[in-house]
Amino acid sequence: MSRDIKPHSVVLGGAGFVGSHLCDLLLSEGHQVSCLDNLATGREVNIRHLLGRPDFNFSVQDIRDSIDLEGPVDFIYHLASPASPKHYLEMPFLTLETGSKGTQNALDAARRFEARYLLASTSEVYGDPEVHPQVETYWGHVNSIGPRSVYDEAKRYAEAVSMAYQRERNTDVVLVRIFNTYGPRMRPDDGRALPAFISQALAGDPLTIHGDGKQTRSFCYVADLVRGLYAAANSRSCGPINLGNPSEVSIADFAREVIALTGSASTLTFHPRPEDDPTVRKPDIARARDLLAWEPKVNREEGLKLTIQYFAEELGYEGARDPQTAPKRVHTRAPAARRDRPAAERQRGPKTFVGKRNPDGGVAR
Ligand SMILES: NC(=O)c1ccc[n+]([C@@H]2O[C@H](COP(=O)([O-])OP(=O)(O)OC[C@H]3O[C@@H](n4cnc5c(N)ncnc54)[C@H](O)[C@@H]3O)[C@@H](O)[C@H]2O)c1
């Protein structure tokens, strides 16, 4: 791709946890970035530092309805979808419609602009896997009618329709399967294990383990993940490609790591395991190494320290800004100094445009 002006990248779901980090990376790589989000689970605070930049534009849009974009467009990153079980169980129809109608709208936009399109799929397409670690050639073990199916099957459909566009309509598609990712800008209340553990450890409350804690997960730091998304979009592969950190840990050991790094006196408490919760989870990343020369660089201790510091600040704990250590023994239940309350905008609303479009466009081919 040769051009003397900035490439234009569109991030659907760009005000979310991963999407906002991807916007940061794309801007640092010299892209013009359009961020579209309906703020169902994302937060404007995640991208507030970017508003007003001439190379960044934020637009509140629900991709289930339509996608309103000024072209030319070079890349479309489709990250729009609730990702935490709490959110997709609260919003089953939004999740299904975003994965189906929303994905098709994203593909139509990619086709219209002849853009490279990346689908942020998930390790959940493997379900409760019988193959370990999970390789891309494994077809999965998913309960198509259980409560989690609204997410798992929406993503499986999104993969299927993306591949149909690739085969039948010549759309330039790459599928990426993301494994558990964590880092700053996760919502403390999003219900996933890591935000829950850190919030509980900081508060000195018992850490809630669902099941016996022997189920395993593999956690990837968000900076590593967005490097992988960028590499996949800039490759010629159509995937699927697993992106995740293969370092596997049991949930109980992970909780103990969080307790140690926060310096908390918290204990563990065990509760029933949710239906269809996967027993093991670990990516085989040979394909990402081979095709993208990608692998994670941030180890869990390093990533957890950065994330704990973010949560401590977000929740208003003393000592959160100490650069040397994670906040320790600050279980004062300080009032939450949240910069923004979660705005779960579940209704579709009119499109509003926030931020400015680069007057130079910077987007022409
Ligand atoms: N974080 C992970 O561990 C993980 C793991 C596997 C896959 N993924 C995938 O990566 C993507 C980003 O995940 P995340 O953790 O940042 O979640 P997130 O909930 O923080 O971000 C998703 C974003 O999509 C937006 N969105 C949802 N429906 C929309 C719609 N109809 N129209 C416009 N915007 C919409 C939300 O408001 C939010 O900003 C998701 O597609 C998710 O399925 C994430």
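That block above? That's the structure.
Note that the structure is a prediction, hence the values are computed from the model and not measured.

In this section: the overall build of the chain. Per the secondary structure count, the chain includes nine helices and 14 strands. Expressed as a percentage of the 365 residues in the chain, the buried residues total 48%. Counted over contacts in the chain with a minimum sequence separation of 6, partners at least 24 positions apart contribute 79%.

Right, let's talk about the site of the ligand for a bit. Close to the ligand lie 27 residues, the nearest being Gly13, Gly16, Val18, Gly42 and Ala83. For the shell around the ligand, the secondary structure elements donating two or more residues are helix 1 (17-28), helix 3 (92-113) and strand 5 (116-122). Tallied by class, residues from the shell around the ligand come to twelve nonpolar, twelve polar and three charged.

Looking now at the pairing of strand 5. Taking burial as the measure, the seven residues of strand 5 include seven buried ones, the bulk of the element. Taking every second residue as pointing to the same face, both faces of strand 5 are buried, with Arg116, Leu118, Ala120 and Thr122 on one and Tyr117, Leu119 and Ser121 on the other. Bridge count for strand 4 (residues 75-78) against strand 5 is four bridges, and the pairing is parallel. Among the inter-strand pairings, Tyr77 is bridged to a residue of strand 5, identified as Leu118. Pairing of strand 5 with strand 6 (residues 172-178) involves seven bridges; the strand directions are parallel. Bridged to Tyr117 within strand 6 is Val173.

A cis geometry characterises the amide bond from Gly71 onward to Pro72, with omega recorded as -10 degrees. Among the structural elements, Pro72 can be located in the loop between strand 3 (56-60) and strand 4. Residue Pro240 is reached from Gly239 by a cis peptide bond, and omega for that bond is 0 degrees. For Pro240, the position within the fold is in the loop between helix 6 (222-233) and strand 11 (241-243). Residue Leu39 is not a glycine yet carries a positive backbone phi of 60 degrees. By secondary structure assignment, the location of Leu39 is in the loop between strand 2 (32-37) and strand 3. Leu39 sits in the partly exposed class, given 18 other C-beta atoms within 10 Å.

This part is about helix 1. Spanning twelve residues, helix 1 covers 17 Å between terminal C-alpha atoms, matching the ideal 16 Å at 1.5 Å per step. What helix 1 keeps buried is the set Phe17, Val18, Gly19, Ser20, His21, Leu22, Cys23 and Leu26. Of the surrounding secondary structure, the elements contacted by the buried residues of helix 1 are strand 1 (8-12), strand 2, strand 4, strand 7 (181-182) and helix 6. A positive backbone phi angle near 85 degrees is found at Gly30, which sits one or two residues after helix 1.

What counts as what
- Residues numbered from 1 in each chain as written.
- Predicted model: local features only at pLDDT ≥ 70, side-chain atom pairs only at ≥ 80, totals over all residues.
- Helix = DSSP H or I, 4+ residues; strand = E, 2+ residues; numbered from the N terminus.
- Buried ≥ 20, exposed ≤ 12 C-beta atoms within 10 Å, placed from the backbone.
- Contact = placed C-beta atoms within 7 Å.
- Near = placed C-beta within 6 Å.
- Nonpolar A, V, L, I, M, F, W, Y, C, P; charged D, E, K, R; others polar.
- Pairing = 2+ DSSP bridges.
- Expected span 1.5 Å × (residues − 1).

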